[in-house]
Amino acid sequence: MFIGQNKGLHLVITGAPGTGKGTQAGVLKREFGICHLSAGEMLRDEIRKGSEVGKKLEPLLAGGNFAPDELIIEMVSRRIEEADCANGFILDGFPRTIKQAEFLDGMLAEKGIKLDAVLEILVPDEIIVDRIMGRYTCVTCGENYSDKFHKPKVAGVCDICGGFKFSKRLDDTRETVEKRLVKYRDFTYPTISYYRDKGVLCSVDGNGTVDVVAARIDKLLNLKEHL
Ligand SMILES: [Zn+2]
């Protein structure tokens, strides 16, 4: 019902930090061969590379703040032109504000792309805090794991790539998590109404294992019948 005329699948995944949206975006990426574009990862890449942009970003992100609009919008616009986005993409961590959502609409319209759906993942706050405190990422492929909710099948070995090096994000402290939740309510939550009004919003209960939530998403989007 949400699949548009444009070739490929073009999604936004949204929800408060720690709702598992990055993990679910990874599932959709593998299932449908679409590109997972995590705004956070793109920004952290800049920091890792030590670029000029990265140097400006590092203190901002470490303090729980977001990157400036202009910068992130330009990165996304450039990124979706790349070859690995030919089958479509799932945007994760962007747009975060109404202003960014409006800009995204304009940018996609220029490229002749229509968003097929915006997936909102819903998880209660107390579970979010637990999840974020216990999460870590495979250094090699970027897969996200969690002490309580999504451990690798073999301890210490990545399910996806077999890698054995993991990292925790420096900004995953209780203080910055709470700060990010407040920012989500203030700035990102209005984008939910924005997308609901446009008829593209799909809200899913994100409380459960990765597989259970992934099955809910498939059912909700009715993807398998369309691809
Ligand atoms: Zn891995």
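From a predicted model like this one, the values you see are computed outputs, not experimental measurements.

Draft legend 1. Focus on the sheet that holds strand β6 (residues 144–146). Taken together, the 3 strands give an open sheet; going across it, the order is β6-β5-β7, and neighbouring strands pair in antiparallel fashion. On the outer flanks of this sheet lie β6 and β7 (166–167), each paired with one strand and no other. Bridge analysis of strand β5 (residues 135–138) against β6 gives 3 bridges, and the strand direction is antiparallel. When the sheet's bridge partners are listed, Y136 is paired in β6 with Y145.

Draft legend 2. Spotlight on the sheet that holds strand β3 (residues 88–92). Read across the sheet, 5 strands follow the order β2-β3-β1-β4-β8 without closing on themselves; strand pairing throughout is parallel. Only two strands of the sheet have a single neighbouring strand rather than two, namely β2 (35–38) and β8 (201–205). Taking each pair of neighbouring strands and ignoring which way they run, the sheet shows an average axis angle of 20 degrees. Judged from the 4 bridges that link them, β2 and β3 form a sheet pairing that is parallel. The residue of β3 that forms the bridge with C35 is F89. Seen against the sheet, helix α8 (residues 210–221) touches β1 (9–14), β4 (117–122) and β8 and runs at an angle of roughly 150 degrees to β8.

Criteria and thresholds
Residues numbered from 1 in each chain as written. Predicted model: local features only at pLDDT ≥ 70, side-chain atom pairs only at ≥ 80, totals over all residues. Heavy atoms only, no water. Pairing = 2+ DSSP bridges. Helix = DSSP H or I, 4+ residues; strand = E, 2+ residues; numbered from the N terminus. Axes fitted to C-alpha atoms, helices over the stretch in contact; angles between N-to-C directions. Contact = heavy atoms within 4.5 Å.

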